[in-house]
Amino acid sequence: MTMTVLGLGAMGQALATAFVKAGLPTTVWNRSAHKAEALAGLGAVRAETVADAVREADLVVVCVLDYAAVREVLEPVAEQLSGRVLLNVTNGTAADARRLAEWASAHGVSYVDGGIMAIPQGIGRPESVILYSGSREAFDRWAVPLGAWGTGKFLGTDPGLAALHDLALLGAMYGMFAGAFHATAMAGTEGVPAERFTEDLLVPWLHSMVDVLPMLAGNTSVSEERRLVERVALTNIVSTSAAQGVPEHLIAPLRSLLDAHAEPAATA
Ligand SMILES: NC(=O)c1ccc[n+]([C@@H]2O[C@H](COP(=O)([O-])OP(=O)(O)OC[C@H]3O[C@@H](n4cnc5c(N)ncnc54)[C@H](OP(=O)(O)O)[C@@H]3O)[C@@H](O)[C@H]2O)c1
């Protein structure tokens, strides 16, 4: 089993390093060649070109900035990829993944799409989850070596599923970060240091609220009583933000959304 990692940004380096540390024969390539030096020092084979990198590979992993870069890297070696497994862990949409899977199939390549739910420092830890979808047979064949990255979850044979779930989870994360930054800014207007506020209050609060999520799951209706209570709180957050000089453009739409979901008033 030989593997190649194309793209050695922060994430590609972490993925390739985990392969090498697991004793897997790994070839690496990056557009800016100097990023392969540290991996070569660890025992990876450094390829000068993409064609050289994929020549002996059974599994080709691509981890670059976006799908435009994926195409740029892979199209010149399309014929060489025939008969191999392509695992693309580059961020993209479900439609991007499905189109790339079709392209791979047209070139005789087995396609697996991946969504990495971890930061580079988390690669190699079992609590780091990697989502996969696409060819079940290819995933099963590579599941054990891929365990070097973290815990793999295969979501189905539709290649778009990993990207869809990845983006959904990232959306939840960005929403949480945005709310947290707003909270920190509000506290900061009275001189509360961001680090202290975050450690003492914000993180424990968010932890306790996460426990409520299973109860809310699938329940999109809000009772009128609940809506009124939440509207008071959101109105106070918006007005206090404005009074303290914190831009309200993040919080104000939440109040509008709550109003948009109000039960239509009963007509006489
Ligand atoms: N970092 C994270 O926390 C994280 C977490 C989950 C998923 N991911 C995903 O992993 C992927 C890579 O992220 P990263 O953090 O490694 O990004 P990064 O550190 O910015 O690295 C980007 C990589 O893409 C390459 N690249 C960009 N345009 C290219 C092109 N036209 N042709 C060839 N190579 C090109 C870069 O090559 P050069 O070195 O030559 O510029 C570099 O290897 C992204 O899709 C990202 O969403 C990252």
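Residues numbered from 1 in each chain as written. Predicted model: local features only at pLDDT ≥ 70, side-chain atom pairs only at ≥ 80, totals over all residues. Heavy atoms only, no water.

- In the annotation of an unreviewed UniProt entry, the protein is listed under the name 3-hydroxyisobutyrate dehydrogenase-like beta-hydroxyacid dehydrogenase and assigned to Amycolatopsis magusensis.
- You can read under Sequence similarities (unreviewed entry) in the UniProt record for the protein the words "Belongs to the HIBADH-related family." (UniProt positions renumbered as here; feature names shortened; annotations may be inferred.)

## So, the packing of aromatic side chains
- For the coordinates displayed, the defined rule picks out 4 aromatic pairs.
- Both rings, one in Phe177 and one in Phe181, keep their centres 6.4 Å apart while their planes meet at 35°; by these two values the pair is tilted. One end of the pair, Phe177, and the other, Phe181, are both in helix 8 (residues 161-188), 4 residues apart, so they sit about a helical turn from each other.
- Looking at Phe177, the relative accessible area reads 36%, which means it is partly exposed.
- Grouping aromatic residues by their ring pairs yields a cluster made of Tyr132, Phe139 and Phe154. (Phe/Tyr/Trp six-rings, centres within 6.5 Å; stacked < 30°, edge-to-face > 60°. Helix = DSSP H or I, 4+ residues; strand = E, 2+ residues; numbered from the N terminus. Buried < 20%, exposed > 50% of the residue type's maximum accessible area, 1.4 Å probe, protein only.)

## Points about the pairing of strand 1 (residues 3-6)
- Every second residue of strand 1 is oriented toward a common face, with Met3 and Val5 on one face and Thr4 and Leu6 on the other, all of them buried.
- Here strand 1 runs beside strand 2 (residues 26-29); their pairing, made up of 4 bridges, is parallel. Directly across from Thr4, in strand 2, lies its bridge partner Thr27.
- In this fold, strand 1 hands off to helix 1 (residues 10-21), which returns the chain to strand 2; that crossover is right-handed.
- Of the pairings in the sheet, the one linking strand 1 to strand 4 (residues 59-62) comprises 4 bridges and is parallel in character. Looking across to strand 4, one finds that Thr4 is bridged to Val60. (Pairing = 2+ DSSP bridges. Right-handed = clockwise from strand over helix to strand, strands pointing away.)

## Here we look at the site of the ligand
- For the ligand, the set of nearby residues contains 22 residues, the closest of which are Met11, Asn30, Ser32, Lys35 and Asn91.
- Between the ligand and Arg31, the relevant distance is 3.0 Å, taken from an oxygen atom to a side-chain nitrogen or oxygen of the residue.
- The contact in question runs from an oxygen atom of the ligand to an N or O atom on the side chain of Ser32, over 2.5 Å.
- Burial of the ligand by the protein amounts to 75% of the accessible area it has alone, namely 900 Å².
- Of all elements in the fold, only helix 1 and helix 4 (67-74) reach the threshold of two or more residues within the shell around the ligand. (Near = heavy atom within 4 Å. Polar contact = N/O pair within 3.5 Å; in protein donor to acceptor, adjacent residues only side chain to side chain. Areas by Shrake-Rupley, 256 points an atom, 1.4 Å probe, with all protein chains shown as cover.)

## What to know about a nonpolar patch on the surface
- Together, Tyr174, Met176, Phe177 and Phe181 make up a nonpolar patch on the protein surface, roughly 450 Å² of accessible area in all.
- Looking at the secondary structure, you find Met176 in helix 8.
- Taking relative accessible area as the criterion, Met176 reaches 37% and is therefore assigned partly exposed. (Patch = residues over 30% accessible without salt bridge, like charges linked within 9 Å, V, L, I, M, F, W, Y side chains within 5 Å. Salt bridge = Lys/Arg side-chain N within 4 Å of Asp/Glu carboxyl O.)

## Structural notes on the pairing of strand 7 (residues 129-134)
- With 5 of 6 residues buried, strand 7 is to be regarded as a mostly interior element.
- Judged from the 6 bridges that link them, strand 6 (residues 110-117) and strand 7 form a sheet pairing that is antiparallel. By the bridge assignment for strand 7, Val112 is matched with Gly134.
- Relative to strand 8 (residues 151-154), strand 7 runs parallel, the two being bridged by 4 bridges. For Tyr132, the partnering residue across the bridge sits in strand 8 and is Phe154.
- What joins strand 7 to strand 8 is helix 7 (residues 136-146), and the crossover it makes is right-handed.

## Concerning the pattern of salt bridges
- Within this structure, the stated rule accounts for 10 salt bridges.
- Measuring nitrogen to oxygen at the nearest pair gives 2.7 Å for the salt bridge that ties Arg55 to Asp52. You can see Arg55 and its partner Asp52 sitting in helix 3 (residues 50-55), 3 residues apart, about one turn around the helix.
- The class of Arg55 is partly exposed, set by a relative accessible area of 43%.
- Ionic pairing is found between Glu224 and Arg227, a salt bridge with its closest N-O pair at 3.1 Å.

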